[in-house]
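Overview (structure and organization)
Given next are the chains, with one letter for each unit.
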There are 2 protein chains.
Amino acid sequence: MRKIEKWDVFEVAVQGKAEGNPFRDYEIHGTFEGPEECMTVDGFYDGDGTYRVRFMPSREGIYTYRIWGSFSGEVTKGSFEATPAVGHKNHGRVQVTDGCHLSYEDGTSYYSIGTTCYAWVHQDMALQEQTLETLAEGPFNKIRFCMFPKFYEFNRKEPITYPYERGTGEGLDQSLIEKEERERILFPGMQPPVPDLNFHYQKPNLEHFQRFDLRIRQLRDLGIEADLILMHPYDRWGLNVMNRESCDLYLKYVNARFGAYRNVWWSLANEYDLMVTKTEGDWERYGAFFMEKDPYRHLCSIHNCMKFYDYKREWISHCSLQRVDFYRHVEYTDEYMETLQKPVVWDEICYEGNLPFGWGNLTPEEMVRRFWETFLRGGHAGHGETYLDEEDLIWWSHGGILKGESPKRLAFLLKICQETPGRYLKKGKGIFDEVVGISENPEEEPESDNPFEIRFHDYEIHYLGITRPTYRMFYLPEDREYEIDVIDTWAMTVTPMGVHKGATRIDLPEKQYMAIRLRKAT
Amino acid sequence: MRKIEKWDVFEVAVQGKAEGNPFRDYEIHGTFEGPEECMTVDGFYDGDGTYRVRFMPSREGIYTYRIWGSFSGEVTKGSFEATPAVGHKNHGRVQVTDGCHLSYEDGTSYYSIGTTCYAWVHQDMALQEQTLETLAEGPFNKIRFCMFPKFYEFNRKEPITYPYERGTGEGLDQSLIEKEERERILFPGMQPPVPDLNFHYQKPNLEHFQRFDLRIRQLRDLGIEADLILMHPYDRWGLNVMNRESCDLYLKYVNARFGAYRNVWWSLANEYDLMVTKTEGDWERYGAFFMEKDPYRHLCSIHNCMKFYDYKREWISHCSLQRVDFYRHVEYTDEYMETLQKPVVWDEICYEGNLPFGWGNLTPEEMVRRFWETFLRGGHAGHGETYLDEEDLIWWSHGGILKGESPKRLAFLLKICQETPGRYLKKGKGIFDEVVGISENPEEEPESDNPFEIRFHDYEIHYLGITRPTYRMFYLPEDREYEIDVIDTWAMTVTPMGVHKGATRIDLPEKQYMAIRLRKAT
């Protein structure tokens, strides 16, 4: 009997009908029954008469299955054994925990240090390999990228494959073509693209999707979540003007093909509000349709440009945010968590770099500051890098190599987070503007009426951000001792300052980006 | 006939009754008649039977006057000539202009580069002289300071004079003493002060107030506005628990004594919301009472700590703000101007320094950034400096010398502002997050529906803040040429970049805190 680890992919390949358009004309399903789990999933056509059904078991033990549907007159049956997840980096899916936090399915903490390389899987293969090498060395445990190719500033080259076979525009919506032409949002200096609509929008190009299989698996083996962006506005190949049937077919295909990978997250769209060919009603319909197809309930969201989506909608598991204000954004993390009661993931907080655009020229210091502000409030954040390059190879879109100074500091932040007891930090109360993260099981004392009085929890990190005091006073309880460390978030050092109680002065090096960690002495 | 310049102080000293408590028991008024101006002002007692009446003429020509009241059985009459204001730095009062801007009475622009030395006039005389020397060299054209002495962290020494003569607590309100004791707001680690209530709160100490005369005049001669703080919470000498009669007497005295100085602004209180002995009703009453006494209608406001006052109140001329959010404050300047329809003056945006408190440890870079953000939106801001000092002499409270790096950059900002045509900058529309200041007479073109389309005005400054692009594109009109400068707000350089029209690339040094100035070529 075949064996796979729990949360790995069990795949069955069967032969079936190849006449007509098998992507559209036939259905294939797999029903899997195992210990306390019974699930029916869609399969997908993979060319040359081959259909595949993929399944991710969430339990250990013997599973039996049946493969059935209009693709064939026959039903295929079989069984396999799901073994314990002892393999490399196999902690199951990332899931919502305690309302507005994230953790792995096996209970391991998950602090999402993301990055964005929108079009890396559309670059030449050597560059893709380089990207994977960079990721293998970096701190990132999530990456956002697009299923469809990207047309934008610094992104003028054709992708190595198109998502559809060549054709004559089958499956497009003429009224959307006109709407896009009429209402397209152009930034100053941007020329409208010359459309290339010569595809058959109901015939996926298998080479394209097979490569995504490969990359998602490679990311999984690196312990990196694949945040797949299904639609986006940066298009000239007709992918935004597909008719509803084509869109449904696409979403169903993606779901069936990639849904069994434990490291998949769904991002229905990037900058949805720049897509003039979709209405809120469309997003709601596609979102609900898509998540109904996903028996695993992977994390699913939609990413904004200028206006947040209504993240309270049921099909949305977490808030995938782009900052909408220049000055204050991640600093709202805890407020949004409180209001929306969902995890907050800042997927765009501008990028470290030097581009002319407002979103692409942060210093590494500011990028790292935004991460600390986010995580100490219980949120998650994504990095990106946009340094001008002679060959226009920019990490944010193309992947390749990292030139910036922030990633190693993000690794340091992740290490500090992982040293925190429990599965996450949440916002605590501080005095004098510092951000305070406390571990998930704080002593829940009632807060005082005095706005300046604070109570100390067993585990606290005070982040001082852009301020740079020469010392800080802590008026600790007289009857409880704390080990105190000074953390330099930029220099990546942790300096033990001894064990203290009562009024305590902690000297600091008069630098920005310092933090102070208090741990109840045992 | 005596002559003084318009907007200078004309003073008449007369002898009168000295029995009882002349501060409280008698009235003295002066009625002044001149060209298109007739005004009755209060005089004040200055000891040894001498009363003084001060008057600031706002017109040129011959004035006649009468001094009258219960202080004497006689009426004193006379006349003087007000001559044109040709003297050093004599531009009249600073006034509200065009709704929510400030300018001098003679039409000269006034960009308020303030500073704060709360207790400088309470320090020893040598230190006060040093403060004046520092001010003479610095960029500041406004200073905030307290009429009453200050008791606070780093402020434990007694003042060189008390505002009242020694006594046994005459003029206090027992219920306020108890309220203060009960409800006083203490920051962590702060000990409640030991009160010294042995004063007569209806007998001003003349040495104290005469010294303020001297300092206000010296500031005037340096071209510096004196933003006089009349009440504040940092007290141990009973000044917060005076009864209503004593408070009225105090406010009346201050008004009569200092109101004729053209450089006086009134700040009814500092951090009014930390004063538990005053209610909103009290502030409204004192504010209205005080401004009714001021025939010159000097600029008058009240300064908050954690909660803005209702700056729409009639007695308030401008918003004297302390930031209430750590991350976003001066960036709201234009919104507040729009909402409140009054000038916005940020009197506390934290201080350059290294103190342990949240408000006292900004880098100079951040201080200067906050000024640029403010001024390009049409607002005004105040500096302060809080570097730890071996002798606890800290500019923010004691004056003395400046150690910081921001003041010379504020002088540079003032120079750039003063080069702006018209009397002020106001917020214009930019693309990609930069702050855009345009001169007061922009070409008022209708804005476009496209959120990314911008129109260019005759004079613009684009401030790039913390971002650091390597270049910036401007899509200027094809039919209008602009002289373009790159301004390094930190290095204090202006680099001409030539004359341009149409699509224009402006190269930048990839540093933070840059600005780009566009001036329509003539």
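Above this text sits the structure in question.
None of these values were measured; they are calculated from a predicted model.

A look at the overall build of chain A
Within chain A one finds 10 helices and 30 strands. Taking the principal axes of the C-alpha coordinates as reference, chain A spans close to 80 × 60 × 40 Å. The buried share of chain A, taken over its 522 residues, is 64%. Here chain A has roughly 19000 Å² of accessible surface; of this, 47% comes from carbon and sulfur atoms.

A short note on the interface of chain A and chain B
By convention, interface size is frequently given as the accessible area that disappears when the constituent parts associate. Opposite the 49 residues of chain A that make contact, chain B presents 49 residues. Summed over both sides, the interface of chain A with chain B buries roughly 4200 Å², with 62% coming from carbon and sulfur. Together, A:Tyr327, A:Phe452 and A:Arg468 form the three largest contributors to the area buried by chain A at its contact with chain B, with a combined 18%. Inspection of the region where chain A meets chain B yields four salt bridges.

Details of the packing of helix H2 (residues 125-137) of chain B against helix H4 (residues 206-221) of chain B
All names here are of chain B. At a closest axis distance of 11 Å, the pairing of H2 and H4 adopts a crossing angle of 15°. In this view, H2 runs roughly parallel relative to H4, as classed from their interaxial angle. H2 and H4 meet at a crossing whose hand is right-handed. In this structure, H2 contributes Met125, Gln128, Glu129, Leu132 and Leu135 to the contact, and H4 contributes Arg211, Arg215, Gln218 and Leu219. Residue classes in the contact of H2 with H4 are distributed as four nonpolar, two polar and three charged.

A closer look at helix H8 (residues 364-375) of chain A
Residues and elements named next belong to chain A. Under the 1.5 Å per step criterion, the end-to-end length of H8 is 17 Å for 12 residues, consistent within 8% with the ideal 16 Å. Of all 12 residues that make up H8, 11 are buried, and the element is covered over most of its length. Along H8, the residues classified as buried are Pro364, Glu366, Met367, Val368, Arg369, Arg370, Phe371, Trp372, Glu373, Thr374 and Phe375.

Quick look at the pairing of strand E7 (residues 61-68) of chain A
All names here are of chain A. Judged from the five bridges that link them, strand E3 (residues 29-34) and E7 form a sheet pairing that is antiparallel. Within the sheet, the bridge partner assigned to glutamate 33 lies in E7 and is threonine 64. When E7 meets strand E8 (residues 76-83), the two strands line up antiparallel, connected through seven bridges. When the bridges of E8 are listed, tyrosine 63 appears paired with phenylalanine 80.

Some remarks on the state of the cysteines
A covalent bond between the sulfur atoms of two cysteines is referred to as a disulfide. All names here are of chain A. Overall, the coordinates contain zero disulfides over all chains when judged by the stated rule. Here cysteine 100 is not disulfide-linked; the sulfur of cysteine 319 is the nearest cysteine sulfur, at 9.2 Å. No disulfide involves cysteine 146; its sulfur sits 11 Å from the nearest other cysteine sulfur, which is in cysteine 117.

Points about the pairing of strand E4 (residues 37-42) of chain A
For a regular strand, side-chain orientation follows a simple rule: the groups alternate between the two sheet faces. Residues and elements named next belong to chain A. Where E3 lies against E4, six bridges are found, and the strand directions are antiparallel. Within the sheet, the bridge partner assigned to phenylalanine 32 lies in E4 and is methionine 39. Joining the antiparallel neighbours E3 and E4 is a turn of two residues, in which glutamate 36 adopts a positive phi near 55°.

Points about the packing of aromatic side chains
With the rule as written, the count across this model stands at 105 aromatic pairs over all chains. Their ring planes at 20° and their centres at 5.5 Å tell us that A:Trp372 and A:Tyr463 sit as a pair that is stacked. With A:Trp372 in helix H8 and A:Tyr463 in strand E25 (residues 459-463), this pair connects stretches of sequence that are 91 residues apart. For the pair formed by A:Trp372 and A:Tyr463, the shared burial category is buried. Aromatic side chains B:Tyr152 and B:Tyr234 sit 5.2 Å apart centroid to centroid with 65° between the ring planes, which places their arrangement in the edge-to-face category. A residue pair is termed long-range when its members are at least 10 positions apart, and B:Tyr152 in the loop between strand E12 (142-146) and strand E13 (164-166) and B:Tyr234 in the loop between strand E15 (225-231) and helix H5 (244-258) qualify at 82 residues. As far as burial versus exposure is concerned, B:Tyr152 and B:Tyr234 are alike and both buried. In this structure an aromatic cluster arises from ring pairing among A:Tyr118, A:Tyr152, A:Phe154, A:Phe187, A:Tyr234, A:Tyr351, A:Phe357, A:Trp359, A:Trp396 and B:Phe432. Looking at A:Arg409, its charged tip hangs above the ring of A:Trp490, at a distance of 3.6 Å from the centre.

Brief notes about the relation of the copies chain A and chain B
By a simple turn and slide, chain A fits onto chain B: the slide is 0.0 Å along the axis, the RMSD is 0.0 Å, and the turn is 180°. Expressed as a symmetry operation, the mapping of one chain copy onto the other fits a two-fold axis. Here 100% of the contact residues of chain A are again contact residues in chain B; the copies associate through an equivalent surface.

Regarding the environment of A:Gln128
All names here are of chain A. Tracing the backbone shows glutamine 128 in helix H2 (residues 125-137). Overall, glutamine 128 belongs to the buried group, its relative accessible area being 0%. Sequence separation between glutamine 128 and glycine 400 is 272 residues, and the spatial gap between their C-alpha atoms is 7.0 Å. Setting aside chain neighbours within four positions, we find glutamine 128 in contact with Trp120, Val121, His122, Gln123, Ile160, Arg211 and Arg215.

Focus on the environment of B:Asn270
Residue and element names in this part refer to chain B. Tracing the backbone shows asparagine 270 in the loop between strand E16 (264-269) and helix H6 (280-293). When its relative accessible area of 0% is taken as the criterion, asparagine 270 is described as buried. On a C-alpha basis, the gap between asparagine 270 and proline 233 in space is 7.3 Å, while along the polypeptide they are 37 residues apart. With residues near it in sequence (within four places) discarded, asparagine 270 still touches Tyr118, Arg144, Ile229, Met231, His232, Pro233, Tyr234, Met275 and His303. A polar contact of 3.0 Å, which involves the side chain of asparagine 270, links it to the side chain of tyrosine 118. In terms of polar contacts, asparagine 270 uses its side chain to reach the side chain of tyrosine 234, at 2.7 Å.

Side note on the sheet that holds strand E2 (residues 10-15) of chain B
All names here are of chain B. The antiparallel open sheet is built from three strands, whose spatial order is E2-E6-E5. Two strands bound the open sheet, and with one partner strand each, they are E2 and strand E5 (44-45). Sheet topology note: the E2/strand E6 (residues 50-55) ladder contains six bridges and is antiparallel. Its bridge partner lying in E6, valine 14 is registered against tyrosine 51.

Criteria and thresholds
Residues numbered from 1 in each chain as written. Chains lettered and ligands numbered in written order. Predicted model: local features only at pLDDT ≥ 70, side-chain atom pairs only at ≥ 80, totals over all residues. Heavy atoms only, no water. Helix = DSSP H or I, 4+ residues; strand = E, 2+ residues; numbered from the N terminus. Buried < 20%, exposed > 50% of the residue type's maximum accessible area, 1.4 Å probe, protein only. Areas by Shrake-Rupley, 256 points an atom, 1.4 Å probe, with all protein chains shown as cover. Contact = heavy atoms within 4.5 Å. Buried area = accessible area lost by both parts, 1.4 Å probe. Salt bridge = Lys/Arg side-chain N within 4 Å of Asp/Glu carboxyl O. Axes fitted to C-alpha atoms, helices over the stretch in contact; angles between N-to-C directions. Parallel < 35°, antiparallel > 145°, perpendicular 65-115°, else oblique. Left-handed = near helix turned anticlockwise from the far one by under 90°. Nonpolar A, V, L, I, M, F, W, Y, C, P; charged D, E, K, R; others polar. Expected span 1.5 Å × (residues − 1). Pairing = 2+ DSSP bridges. Disulfide = S-S within 2.5 Å. Phe/Tyr/Trp six-rings, centres within 6.5 Å; stacked < 30°, edge-to-face > 60°. Lys NZ or Arg CZ within 6 Å of the ring centre and 35° of its normal. Least-squares fit on C-alpha atoms with pLDDT ≥ 70 in both. Polar contact = N/O pair within 3.5 Å; in protein donor to acceptor, adjacent residues only side chain to side chain.

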